[in-house]
Amino acid sequence: MGVRKYRPNRPSELAQRDRRWPGLRLAALRRDDWRCVQCASKRRLEVDHVESVRKRPDLAFDLTNLQTLCAVCHGKKTRFEMTGREPNPELDKWRELITNT
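In this text the structure is predicted, and so the values were computed from the model without any measurement.

Quick look at the pattern of salt bridges now. On inspection of all chains with the given rule, the structure shows 6 salt bridges. Linking Arg 35 and Asp 33 is a salt bridge whose minimum nitrogen-to-oxygen distance equals 3.8 Å.

See below:
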């Protein structure tokens, strides 16, 4: 796996580089019982800002603005935020099929 490049145009990445982030991330994971709040998966967990840091920088380090999501649910949320389109159920079935084999 390659090294992630620093992209200053991503406010959430700037928040994740802050010294407060590791403890806050751990607190969110513990609060959510190490499960995705959308599908209850315990695989590939990520901590997401409910309100984006770009829109609400004042909530970047507020535990109530964080939620634990699996990579799949986080991807769906991000795609919806970026495009405004709802996920395709057929595509979701296909993704679920290939990830569970």
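Structure shown, so let's carry the discussion forward.
In terms of nonpolar packing, the biggest core is built from 11 residues, these being Trp 21, Leu 24, Ala 28, Leu 29, Cys 36, Leu 45, Val 47, Leu 66, Leu 69, Cys 70 and Cys 73. Looking at which element gives the most residues to this core, the answer is helix α2 (residues 21–31), with 4 residues. Excluding anything up to four places from it in sequence, Leu 69 contacts Cys 36, Val 37, Gln 38, Arg 44, Leu 45, Glu 46, Asp 48, His 74 and Lys 77.

You will see that Asp 33, though not glycine, has its phi angle at about 60°, which is positive. At Trp 34, a position not held by glycine, the phi torsion is positive, near 55°. Structurally, the position occupied by Trp 34 is in the loop between α2 and β1 (45–49).

Moving on to the pairing of β1. When you tally the buried positions in β1, you get 4 out of 5 residues, the bulk of the element. Pairing geometry for β1 and strand β2 (residues 66–70), over 5 bridges, is antiparallel. Bridged to Glu 46 within β2 is Leu 69.

Once that is clear, we can look at α2. For α2, the set of buried residues is Trp 21, Leu 24, Ala 28 and Leu 29. All buried residues of α2 lie within an arc of 140° about the axis, which places them on one face of the element. What points out from α2, more than 90 degrees from its buried face, is the exposed set Pro 22 and Arg 30. At its buried positions, α2 is contacted by α1 (11–16), β1 and β2. Backbone geometry just downstream of α2 places Asp 33 in the positive-phi region, at approximately 60°.

In this section: a nonpolar patch on the surface. Taken together, the side chains of Leu 91, Trp 94, Leu 97 and Ile 98 present a nonpolar region at the surface, about 400 Å² in accessible area. In this fold, Leu 91 is placed in helix α4 (residues 89–99).

Of note, His 74 is situated in helix α3 (residues 71–83). You can call His 74 buried: its relative accessible area is 18%. A distance of 2.3 Å separates the side chain of His 74 from the side chain of Glu 46, its partner in a polar contact.

Thresholds applied
Residues numbered from 1 in each chain as written. Predicted model: local features only at pLDDT ≥ 70, side-chain atom pairs only at ≥ 80, totals over all residues. Heavy atoms only, no water. Salt bridge = Lys/Arg side-chain N within 4 Å of Asp/Glu carboxyl O. Core = buried A, V, L, I, M, F, W, Y, C linked by side-chain atoms within 4.5 Å. Buried < 20%, exposed > 50% of the residue type's maximum accessible area, 1.4 Å probe, protein only. Helix = DSSP H or I, 4+ residues; strand = E, 2+ residues; numbered from the N terminus. Contact = heavy atoms within 4.5 Å. Pairing = 2+ DSSP bridges. Arc of directions from axis to C-beta. Patch = residues over 30% accessible without salt bridge, like charges linked within 9 Å, V, L, I, M, F, W, Y side chains within 5 Å. Areas by Shrake-Rupley, 256 points an atom, 1.4 Å probe, with all protein chains shown as cover. Polar contact = N/O pair within 3.5 Å; in protein donor to acceptor, adjacent residues only side chain to side chain.

Function cannot be inferred from these measures alone, as they are strictly geometric.
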